[in-house]
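Geometric and topological summary
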Amino acid sequence: MGQEDHARLGILMLDTLFPRILGDVGNPDSWPFPVRYAVVPGATPSAIVCDDVEPFVQAFIETGRDLVASGCTGIATTCGFLALIRPRLATALKVPVAASALEQVAQVQAMLPPDQMVGILTISAATLTPAHLEAAGVPPHCPVQGTDGSSFSKSILGNLTTLDVPAARQDMVRAALQLIADHPNVGAIVLECTNMVPYAPDIEQATGRPVYSIFTYLSWFHAGLRPRVF
């Protein structure tokens, strides 16, 4: 019996071709606990981030049901934009669902000094709408900075088979520095995109701000699904 057979966390994967490097939510070696993956056919990054998620909702539900049937007691996704459908997933699957790293923004905001706010780094500021933010419970007025048009965004949204990691790292740092230059009162940064996790240390070092991501969110989420034995 493999580790996956003991997985409590099921992760709904987009239908992708790009490399999932260490740290990426879709790389099983990124996690210090077993996870189980299931791909939602046809749900490409561009379809979910840039187009309409509605045609894929039922496929996400059906794939999620397979994960629950396999023994998963909590479900997550690999795209922050799926905050839009989290209520429907939770209703249909009857288990807790952590759909988006954005869902931790309110908690991070509550930890900051009153004169500071959470800044959001996203793969596509052009298509991250108020509806996405509202669905994730993001407090009003949190600034958003995108990596739109960058090497990173083109690779992920274009679903390319290659990823220039050094260029992506530069893209992350550049966007994060722009975020705090425009909004000096940003006290912490949340990474909307699940593929940004490998660059979190670079962002923290460059900005001096704590960085939260799908990794921090699901680490917390999993701690409740399988509490540590002391």
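Located above this text is the structure these notes cover.
The following refers to the structure shown. Each residue is numbered by its place in its chain's sequence as written, counting from 1. Restriction of local features to residues with pLDDT of at least 70 applies here, the model being predicted, together with a cutoff of 80 or more for giving and counting side-chain atom pairs; totals for whole chains, interfaces and linings are based on all residues. As a rule here, side-chain values cover all heavy atoms of the structure and leave hydrogens and water aside.

**Comments concerning the overall build of the chain**
- In DSSP terms, a helix is any run of H or I states spanning at least four residues, a strand is any run of E spanning at least two, and both are numbered starting from the N terminus. When helices and strands are counted, the chain shows nine helices and eight strands.
- With C-alpha atoms as the basis for the radius of gyration, the globule rule is written as 2.2 Å multiplied by the number of residues raised to the power 0.38. Over its C-alpha trace the chain gives a radius of gyration of 17 Å, about what one expects of a compact globule, namely 17 Å for 230 residues.
- Principal-axis analysis of the C-alpha atoms gives the chain an extent of 50 × 40 × 30 Å.
- Considering the chain as a whole, with its 230 residues, one finds that 53% of them fall into the buried category.
- What makes two residues a contact is simply this: any of their non-hydrogen atoms within 4.5 Å. The long-range share in the chain, meaning contacts at least 24 apart out of those at least 6 apart in sequence, stands at 71%.
- Shrake-Rupley sampling with a 1.4 Å probe provides the accessible areas, and residues are treated as covered by the protein chains on show and by no other component. For the chain, the exposed area adds up to about 10100 Å²; of that, 56% sits on carbon and sulfur atoms. For every residue, the accessible area (1.4 Å probe, protein chains only) is compared with the maximum for its type, and the residue is labelled buried under 20%, exposed over 50%, or partly exposed between those bounds.

**Details of the sheet that holds strand β3 (residues 74-77)**
- We treat two strands as partners when DSSP finds at least two bridges between them. Spatial strand order, β2-β1-β3-β4: four strands in an open sheet with parallel pairing. At either margin of the open sheet sits one strand with a lone partner, and together these are β2 (35-39) and β4 (97-98).
- The pairing of strand β1 (residues 9-13) with β3 spans four bridges and is classified as parallel. Its bridge partner being in β3, Leu12 is matched across the sheet by Thr77.
- Angles run from 0 to 180 degrees between N-to-C directions of axes, and those axes are lines fitted to C-alpha atoms, restricted for helices to the stretch in contact. Contacting β1, β2 and β3, helix α2 (residues 57-69) crosses the sheet at an angle of about 155° to β1.

**Some remarks on the environment of Ala135**
- With respect to the secondary-structure elements, Ala135 resides in helix α5 (residues 130-135).
- For the pair Ala135 and Ala83, spaced 52 residues apart in the sequence, the C-alpha separation amounts to 5.9 Å.
- Among all residues touching Ala135, those that are not within four sequence positions of it are Ala83 and Leu84.

**Regarding helix α3 (residues 86-93)**
- Taken residue by residue, α3 has Leu89, Ala92 and Leu93 as its buried positions. Along α3, the residues classed as buried sweep out an arc of 85° about the axis, all on the same side.
- Contacts made by the buried residues of α3 are with β1, α2, β3 and β4.
- Looking at the residues trailing α3, positive phi occurs at Lys94, about 65°. This arc is built from the directions going out from the helix axis to the C-beta atoms.

**Quick look at the packing of α2 against α3**
- Packing of α2 against α3 leaves a shortest axis separation of 10 Å and a crossing angle of 45°. Classified by the angle between their axes, α2 and α3 sit oblique to one another. Read as a crossing pair, α2 and α3 show a hand that is right-handed. Counted together, Val57, Phe60, Ile61, Gly64, Arg65 and Val68 of α2 and Arg88, Leu89, Ala92 and Leu93 of α3 form the full contact between these two elements. Here is the rule for angles: anything less than 35 degrees is roughly parallel, anything more than 145 is roughly antiparallel, 65 through 115 is roughly perpendicular, and the remaining ranges are oblique. Left-handed is the label given to a crossing in which the near helix is rotated counterclockwise from the far helix by less than a right angle, and right-handed is the label when the rotation is clockwise.

**Focus: unusual backbone geometry**
- Phi at His141 takes a positive value of approximately 75°, unusual for a residue other than glycine.
- A relative accessible area of 74% places His141 in the exposed class.
- If you check the backbone angles, Asn159 has positive phi at about 55° while not being a glycine.
- Along the chain, Asn159 falls in the loop between α6 (151-157) and α7 (165-182).
- With relative accessibility at 14%, the residue Asn159 sits in the buried group.

None of this, on its own, says anything about what the molecule does.
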